Structure formats: C-alpha cells, structure tokens
Amino acid sequence: MVRAGLVLIFAALASGCASGAELDTLKPQGPIARSIDTLSDPVFLIAGIVFLIIFGGTAVIWWRFRDDHSDEEFPEQVHGDLKLEVLWTVVPTVILAVIAVFTLMTLSDINGREDNAMALSVDGTPVSWEPEIVVVGQQWWWEYRYYFDGLDGIDLSDTRHLPPADIVTGTQMVIPTGQEIELKITSRDVIHSHWIPALNGKRDAVPGRVSPWKLEAENPGVYFGQCTEFCGLSHSRMRMQVVAMTPDDFQAWVDRQIQPAAAPESEAAIRGRATFEAQCTRCHVVNGLNDEDFKGADLESNAAPDLTHLMSRTMFAGGIFNLYEPDGSLNRTQLEAWLRDAPAEKPAYAQGRRGMPNMGLDEGQIDDLVAYLQTLGETPSLEIIAASEVD
Ligand code: CUA
C-alpha cells in the first residue's frame, strides 16, 4: 500500500519534468518572460516552505496526539493562546504583503509600454515602425497582421472586416529580436488565448475587444505556443509559433513578404493556379491573384489564411503539420492529404462553414495545386525548418 502510494507520487512528480518541452514556462527567452520567472521562483520557494511547515506540523501533531487507547478520556483543552494567535496572523500578513509588492511591480513591468520605433524600409520607402502586430484568433488558427503605418485610425473591433494590411501571415508570427513587440489581440468568433510561454504569459483573445500584450525575444529562434482557452472541437490543434530574427533578417523577410505572388512558370503550376482560382479563391487570398476583388472568405468568420507566401511558413493547418521535411523538401504526403480531405486531418464543425471543407478534388487537381502552392513564397532556412518542426 505504502509502496503503491510512493509510486503514484513519483509518477506525478516525474510527469512534470519532460526534457526539451516546447511549452516550458520555466525557461524564459526574453525580458518579459524573465520578469515573470523572477517573481515566480521565490514565490514557489516561499510556498514550498509554508507547505512543509503546515503539513509537517500537521503530521507531527497527528502522530504525537494519536489515540493511544489509554484510559484518559479527553486531552487537555487549550484555547486562545494570544502569542500564537498574533504570530499566525502577523507572519502570513507580512509574507503576502511582500509578495503583493513584488507582484504589482512585475505587473506594471509587463504591462508597461516602451517606445522603441525601428527603422524599416517597406517597398523601398523608409518608415519608422513602432513594432505592433494585430493578432486575430479564430477556429482554429491564428492570424498575424502587420500595418507598417501604425494602427491610428484603424478600427480593430470589427475583426470580420479588417482593412488590408501590409503583411498577413498565419500560424507563424515573425518578429525582430531585441525589440519589444506590442500585440493587439482579438478574435473573430469565440474566446481563445494566446500563449508563447518562452516570451510572455497568456492573454485572452475576446471577440469585439482588443487586448494589449507584448513579447520580446532576445535571440533568434523559434518559440512555440498553444491556444489555452477551450474554443471548440480543434482547440488542441490551434498552435502557433514566434519566429524571431535579427533586425537585418527581419528586414529581408519584410522585403519578400511585401511582394505579390510571382506568376507560376511550369505547366502543372499554371494548371494549378486555374484550379486554385476555381476552387480556393472563395476563401483564400493570394496577393496579385485575387486580392483586388476579394470580399472576404465564404466562412462564418469571413477569413481564411492568406496564402500569398504560404511556403515561407513551415507549418500549416493551424500549426499541426510540418510543411517541410527536415531536408527542406516539401512534406508532400501531408499537404496532399490535407487537400484531399481536410476535415479527416483536422476535425471541424460539420455545419456552419468553419475550417477547410473537403473540396472533392481529384488526384490530378491535387498534383497541380501542390505545384502551384509551391510557387507561393520562398523556403525558409533549414535552421528555421529544423527548429520549428512539430510532432
Ligand atoms: Cu483557440 Cu483554444
């Protein structure tokens, strides 16, 4: 019995220490996440000591005063020891007051806003960009919108009809390192929660509201995230990543992303574009193809991922599938399976037009579509492909 109990306790403890866990809150990679970590470490330590004193004391008292079946009927009764009463009122008050001061300091730190405009060139024009990214949650993926002229005069509350942005990505947010990035988080349908544990805590994405948040990464790398508010059928398949790049690499990324899609050259890709126009442009935008007359996606949410630079991302379907093999070649099997029958790969509601439907494409159309999709955007570095790989 005791042995079984110990095994259970050990199993519970061991389950908390996966090595290389992607969503580890205890390995901050930026100043904001670090200030949370700096607060939580001593609080956990204090809580641990209090735990040991209280439960240790309880165990000692339980053992010391257990019923020894003696004739004595009742132990001696004590009540209202003034010294003890004062002690256990004052000590917790002092502990909580000290923790409260540091908590408020941390809160003000992570909610503060810093002016840190960076110089960028957008389509040849120099701009001073106060790094700000609009984050829109929707069943079941995240959209990231970049407006390099700032957000003044843009109404973010009507998320189903947002004005065109300079860059729109899905599932992967690209940021420059060493810069505090302001996020404006909102949703198109239900409540989601945006969480990149290495860079900051969570913030809810609430429809009709715009919640400010911020992120900062010290070093280039890929930081994993997960929607943390139950949002329906595929909540657990609503993942995201932050790809942090040096400011120079970020500029190069902007230079590429700002371009419309190049015209396809191979015959298969040209056929694929025709199939795409017939089958996919009711929901998906490709700049240079259908952005001029696009009125919104034929979905409840009015939006589907912008595919102009699909291949510059390393995952698709809300961050659950790798778009590339580790050697940098296309993950053709998975992409084809998705085009063949998306709901079989990632459950979506049967009614209400959410998520990608089964388009009933034949194998020839799928091959052509894959050839066309491969022309959309440049392949990222092998380093990013390796670092962003999902299981
Ligand atoms: Cu979105 Cu859970």
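From a predicted model like this one, the values you see are computed outputs, not experimental measurements. (Residues numbered from 1 in each chain as written. Predicted model: local features only at pLDDT ≥ 70, side-chain atom pairs only at ≥ 80, totals over all residues. Heavy atoms only, no water.)

Caption draft 1: Region of the structure containing the environment of Ala205. Residue position: Ala205 is located in strand S9 (residues 202-205). Among the residues examined, Ala205 registers a relative accessible area of 0% and is labelled buried. Remark: the alpha-carbon pair of Ala205 and Leu323, spanning 118 residues in sequence, is separated by 26 Å. Ignoring sequence-local partners within four residues, the contact set of Ala205 consists of Trp142, Ile185, Thr186, Ser187, Val190, Ile191, His192 and Ser193. (Helix = DSSP H or I, 4+ residues; strand = E, 2+ residues; numbered from the N terminus. Buried < 20%, exposed > 50% of the residue type's maximum accessible area, 1.4 Å probe, protein only. Contact = heavy atoms within 4.5 Å.)

Caption draft 2: Quick peek at the sheet that holds strand S10 (residues 211-215). A sheet is described by the order of its strands in space; here five strands give the open sequence S5-S4-S3-S7-S10, paired in mixed fashion. With one partner strand each, in any of the chains shown, strand S5 (167-170) and S10 form the two edges of the open sheet. Within the sheet, the average angular offset between the axes of one strand and its neighbour, ignoring direction, is 25°. With five bridges joining them, strand S7 (residues 181-187) and S10 adopt antiparallel strand pairing. (Pairing = 2+ DSSP bridges. Axes fitted to C-alpha atoms, helices over the stretch in contact; angles between N-to-C directions.)

Caption draft 3: Main features of empty space enclosed by the protein. Counted according to the given criterion, the structure contains one cavity of 30 Å³ or more. Volume-wise, the largest cavity comes out at about 30 Å³. Lining of the largest cavity is provided by Thr314, Met315, Asn322, Tyr324, Ile385, Ser388 and Glu389. Split by residue class, the lining of the largest cavity holds three nonpolar, three polar and one charged. (1 Å grid on protein atoms, 1.4 Å probe; cavity = no way out; pocket = protein on both sides within 12 Å on 5 of 7 lines; lining within 4 Å. Points joined across faces, edges and corners; volume = space filled by probe spheres on them. Nonpolar A, V, L, I, M, F, W, Y, C, P; charged D, E, K, R; others polar.)

Caption draft 4: Seen up close, the pattern of salt bridges. Applying the stated criterion across every chain, the model contains twelve salt bridges. A salt bridge links Glu218 to Arg34, with the shortest nitrogen-to-oxygen separation between them at 2.7 Å. Taken as a pair, Glu218 in the loop between S10 and strand S11 (221-226) and Arg34 in helix H2 (residues 31-64) lie far apart in primary sequence, 184 residues in all. Across the salt bridge formed by Arg145 and Glu143, the nearest N and O atoms sit 3.0 Å from each other. Pair check on accessibility: Arg145 and Glu143 agree, each one buried. The structure contains a network of salt bridges with shared partners spanning Arg332, Glu336, Arg340 and Glu363. (Salt bridge = Lys/Arg side-chain N within 4 Å of Asp/Glu carboxyl O.)

Caption draft 5: Examining the layout of surface pockets more closely. There is about 950 Å³ of room inside the largest pocket. Looking at the lining of the largest pocket, the elements that each hand over two or more residues are helix H5 (267-279), strand S13 (315-316), helix H6 (332-340), helix H7 (342-345) and helix H8 (363-373). Sort the elements by how many residues they give to the lining of the largest pocket and H6 lands first, with three residues. Of the residues that constitute the lining of the largest pocket, the class distribution is 28 nonpolar, ten polar and ten charged. Taken as a whole, the second largest pocket spans an internal volume of roughly 570 Å³. Lining the second largest pocket are 27 residues; nearest its centre among them are Arg145, Leu162, Pro164, Val285 and Phe294. The set of elements that each furnish at least two residues to the lining of the second largest pocket consists of strand S4 (141-146) and S5.

Caption draft 6: How the structure looks around unusual backbone geometry. The amide bond that connects Gln139 to the next residue, Trp140, takes the cis arrangement and shows omega of -5°. One non-glycine residue, Thr171, adopts positive backbone phi at about 70°. Given a relative accessible area of 6%, Thr171 falls into the buried group. For Asn302, which is not glycine, the phi torsion reads 70° and is therefore positive. Examined against the element boundaries, Asn302 turns out to sit in the loop between H5 and S13.

Caption draft 7: Layout of the pairing of strand S2 (residues 125-129). With five bridges connecting them, strand S1 (residues 118-122) and S2 associate as antiparallel partners. Residue Ser121 lies in a different strand from S2, and its bridge partner there is Pro126. What sits between S1 and S2 in their antiparallel hairpin is a turn of two residues, with Asp123 showing a positive phi close to 55°.

Caption draft 8: Focus on the packing of aromatic side chains. Within this structure, the stated rule accounts for twelve aromatic pairs. Aromatic side chains Phe316 and Trp338 sit 6.2 Å apart centroid to centroid with 75° between the ring planes, which places their arrangement in the edge-to-face category. Here Phe316 is found in strand S13, whereas its partner Trp338 is found in helix H6, with 22 residues between them in sequence. For Phe316, a relative accessible area of 6% translates into the label buried. By the ring-pair criterion, three or more aromatic residues cluster together here, those being Trp129, Tyr146, Phe148, Phe250 and Trp253. The ring centre of Trp63 lies 4.1 Å from the NZ or CZ of Arg66, which sits over that ring. Over the aromatic face of Trp195 sits the side chain of Lys202, whose NZ or CZ is 4.8 Å from the ring centroid. (Phe/Tyr/Trp six-rings, centres within 6.5 Å; stacked < 30°, edge-to-face > 60°. Lys NZ or Arg CZ within 6 Å of the ring centre and 35° of its normal.)

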